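Okay, here's what each chain looks like letter by letter:
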Amino acid sequence: QKEVEQNSGPLSVPEGAIASLNCTYSDRGSQSFFWYRQYSGKSPELIMFIYSNGDKEDGRFTAQLNKASQYVSLLIRDSQPSDSATYLCAGGLIGGSQGNLIFGKGTKLSVKP
Amino acid sequence: GAVVSQHPSWVICKSGTSVKIECRSLDFQATTMFWYRQFPKQSLMLMATSNEGSKATYEQGVEKDKFLINHASLTLSTLTVTSAHPEDSSFYICSAPGRGAGVQFFGPGTRLTVL
């Protein structure tokens, strides 16, 4: 069974610190990975996606992918209280059905002022 | 990014009634849309893939006769929960594909409460 695993948290970091969110996946066929942010009672918002091994940076966010270890991470630099949310990791197939995203249960991040 | 809307944002209904949820792509056309369900503190679970002009594709374990999907135009997909029961109470979210393989843009979601 294809699974995406995340530590449910909560992960608590002080304002200005680096928040590190981790995700592992079981399906070696997964090729694309996504990080979504979900505020309580709201729908997910895409933050970043990554297809290739290595790092991808976008502003304060850096996604890291290690396909050999089946590991994806998201680093948030200079964390702000507004970053407090649940972060969902998802894996999918390039070229496959666009709906075939497998979501983790999410990690709740709390950034303390 | 692309904008996807849903209506209503929340609905409360009595057990046994049917509820229709609309999902619209506002500034682009979507031949495919997806319907998810999310229970409290759980992950998003794909229910079905809505295909414009053809039948929806349902995930294993999802009753197609209970969750009716219609994708009548390139900008509108509807999900009807028929004969809703309290266990159907959940957060229903639709999404549409964006540029880039696997990228999806989510609607704001519909909170369904069945009494």
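Remember, predicted model here, so these are calculated numbers, not experimental data.

Caption draft 1: Region of interest: the pattern of salt bridges. All names here are of chain B. Tallying each qualifying case throughout the model produces five salt bridges over all chains. Linking Lys66 and Asp88 is a salt bridge whose minimum nitrogen-to-oxygen distance equals 2.9 Å. In this pair, Lys66 sits in the loop between strand E6 (57-58) and strand E7 (67-73) while Asp88 sits in the loop between strand E8 (76-81) and strand E9 (90-97), placing the two residues 22 residues apart along the sequence. Judged by relative accessible area, which is 12%, Lys66 ranks as buried.

Caption draft 2: Region of interest: the interface of chain A and chain B. Each side of the interface is counted separately: chain A has 20 residues, and chain B has 20 residues. Applying the counting rule to chain A against chain B returns zero salt bridges. The tally of links from chain A across to chain B stands at five residue pairs in polar contact (both at pLDDT 80 or more). Secondary-structure elements contributing two or more residues to the side of chain A that touches chain B are strand E4 (32-38) and strand E5 (45-50) of chain A. At four residues, the largest contribution of residues to the side of chain A that touches chain B is made by E4 of chain A. Of the residues that constitute the side of chain A that touches chain B, the class distribution is ten nonpolar, eight polar and two charged.

Caption draft 3: Structural view of the state of the cysteines. Applying the stated rule across the entire model yields two disulfides over all chains. Between the sulfur of Cys23 of chain A and that of Cys89 of chain A lies a disulfide, 2.1 Å long from S to S. Note on the Cys23 of chain A and Cys89 of chain A pair: the S-S dihedral is about -75°, so by sign convention the disulfide is left-handed. Highlighted residues: Cys23 of chain A in strand E3 (residues 19-25) and Cys89 of chain A in strand E9 (residues 85-92), separated in sequence by 66 residues. Of the two residues, Cys23 of chain A and Cys89 of chain A, neither departs from the other in class, the shared state being buried. Between the sulfur atoms of Cys23 of chain B and its disulfide partner Cys94 of chain B the distance amounts to 2.0 Å. Sign of the S-S torsion, about 80° for the bond between Cys23 of chain B and Cys94 of chain B, identifies this disulfide as right-handed. Placement of the pair is Cys23 of chain B in strand E3 (residues 19-25) and Cys94 of chain B in strand E9, with a sequence separation of 71 residues. On the basis of relative accessible area, Cys23 of chain B is assigned to the buried category, the value being 0%. The class of Cys94 of chain B is buried, set by a relative accessible area of 0%.

Cut-off values and rules
Residues numbered from 1 in each chain as written. Chains lettered and ligands numbered in written order. Predicted model: local features only at pLDDT ≥ 70, side-chain atom pairs only at ≥ 80, totals over all residues. Heavy atoms only, no water. Salt bridge = Lys/Arg side-chain N within 4 Å of Asp/Glu carboxyl O. Helix = DSSP H or I, 4+ residues; strand = E, 2+ residues; numbered from the N terminus. Buried < 20%, exposed > 50% of the residue type's maximum accessible area, 1.4 Å probe, protein only. Contact = heavy atoms within 4.5 Å. Polar contact = N/O pair within 3.5 Å; in protein donor to acceptor, adjacent residues only side chain to side chain. Nonpolar A, V, L, I, M, F, W, Y, C, P; charged D, E, K, R; others polar. Disulfide = S-S within 2.5 Å.

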